[in-house]
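Below are the chains, spelled out letter by letter.
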Amino acid sequence: MSATPARRSLAAVTLLALLVLSGCTAGPTLHARRISAHQPAPSASPFAPSASPSTSPSATAKPAPGSLDWYLSQVPTFPEAPPPQPVPLPTTGAAPFWHRLPTDQKVAFITIDDGGLARPSEVADFVWRARIPVTMFLNSPAAEEYPEYFRQIQVAGGVVENHTITHNSLAGRSYDYQKREICGAADKLEALFGKRATLFRPPFGEHDSTTLKAAHDCGAKAVLHWTETVHEGKVRYQTPEKVVQPGDVLLMHFRPALMDDLLAALKAIHRAGLTPALLEDYVL
Ligand SMILES: [Zn+2]
């Protein structure tokens, strides 16, 4: 879909590095799991994800509903993503607040929030094998508790961004309070994942002008709301059009039905004639 070749080869290199590292630092179970997690189709080169589910080893047998192969078999075929044209950013000393990305390109964006509640085990494999571009807005304590889980999604092409430490509403709080929540999470996430967050999502979407200033001062280039939510496999439109529009941002959570939510988001984006793309390719 939209992950650039450079990003994907970076992911492959990171995967190699993690495999090497895990041989030194992790037990055999984790090591074995990680190798099998990204098991390519027999016809594919080791780090080239299969282009379509039809190359999956079980293509001849009908995959069991709910299995990873079943999810892969349900993923629609998208038009090629257009080359991303990064959006202009203000130079006002405050991050812009966007419900949808200001782009006319035929793309939409999948975002996954929080991280503390549930972490379905096959998400990294799904993201990798179906090449789903995802941005994860994580609370830093969840990231700290389950770093391997989110690292696997990062290796699969996902990008970690900032969703505060405590998930308290920021609106109306002092600059110092908001900065502690935003910079504190950014520092922790950077230490865990090796990249400074450049996007911020305030808990519940609640924010004020102080939030946009504090987010900017902590390194965020934009503050993201959303235009659709996805829960238990159902897309809820928060815009009058009731169809995904170019630049739309779909919100889901690390909850038990995340595989269904990812699939529902992909189908909704496909129905709209759009292709999923990565926010970070548009906000530079
Ligand atoms: Zn949240």
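The protein goes by Peptidoglycan/xylan/chitin deacetylase (PgdA/CDA1 family) in an unreviewed UniProt entry, where it is assigned to Micromonospora taraxaci.

**Examining the side chain of Arg201**
Locating Arg201 in the fold gives a position in the loop between strand 5 (199–200) and helix 8 (209–217). Residue classification places Arg201 among the buried positions, given a relative accessible area of 0%.

**Description of the environment of Leu263**
Among the secondary structure elements, Leu263 is positioned in helix 9 (residues 258–271). Owing to a relative accessible area of 5%, Leu263 belongs among the buried residues under this scheme. Spatially, the C-alpha atoms of Leu263 and Pro76 are 9.0 Å apart, while their sequence positions differ by 187 residues. With residues near it in sequence (within four places) discarded, Leu263 still touches Trp70, Tyr71, Gln74, Val75 and Phe126.

**A closer look at the packing of aromatic side chains**
Going through the model one piece at a time under the given rule, you end up with 6 aromatic pairs. Measuring from ring centre to ring centre gives 5.8 Å for Tyr71 and Phe126, while their planes differ by 55°; the resulting arrangement is tilted. Residue Tyr71 is located in helix 3 (residues 68–74), and its partner Phe126 is located in helix 4 (residues 123–129); the two are separated by 55 residues in the primary sequence. Accessibility expressed as a relative area gives 8% for Tyr71, which makes it buried. Judged by centre distance (5.3 Å) and plane angle (75°), the ring pair of Phe109 and Tyr282 falls under edge-to-face. Taken as a pair, Phe109 in strand 2 (residues 107–114) and Tyr282 in the segment after strand 10 (275–277) lie far apart in primary sequence, 173 residues in all. Taking the relative accessible area as the measure of exposure, Phe109 reaches 0% and is therefore buried. In this structure Tyr282 comes out as buried when scored by relative accessible area, which is 1%. By the ring-pair criterion, three or more aromatic residues cluster together here, those being Trp70, Tyr71 and Phe126. Over the face of the ring belonging to Tyr146 we find Arg119, whose NZ or CZ atom lies 3.4 Å from the ring centre. Residue placement shows Arg173 over the ring face of Tyr177; its charged tip is 3.8 Å from the ring centre.

Here is what the cut-offs are and how they apply
- Residues numbered from 1 in each chain as written.
- Predicted model: local features only at pLDDT ≥ 70, side-chain atom pairs only at ≥ 80, totals over all residues.
- Heavy atoms only, no water.
- Helix = DSSP H or I, 4+ residues; strand = E, 2+ residues; numbered from the N terminus.
- Buried < 20%, exposed > 50% of the residue type's maximum accessible area, 1.4 Å probe, protein only.
- Contact = heavy atoms within 4.5 Å.
- Phe/Tyr/Trp six-rings, centres within 6.5 Å; stacked < 30°, edge-to-face > 60°.
- Lys NZ or Arg CZ within 6 Å of the ring centre and 35° of its normal.

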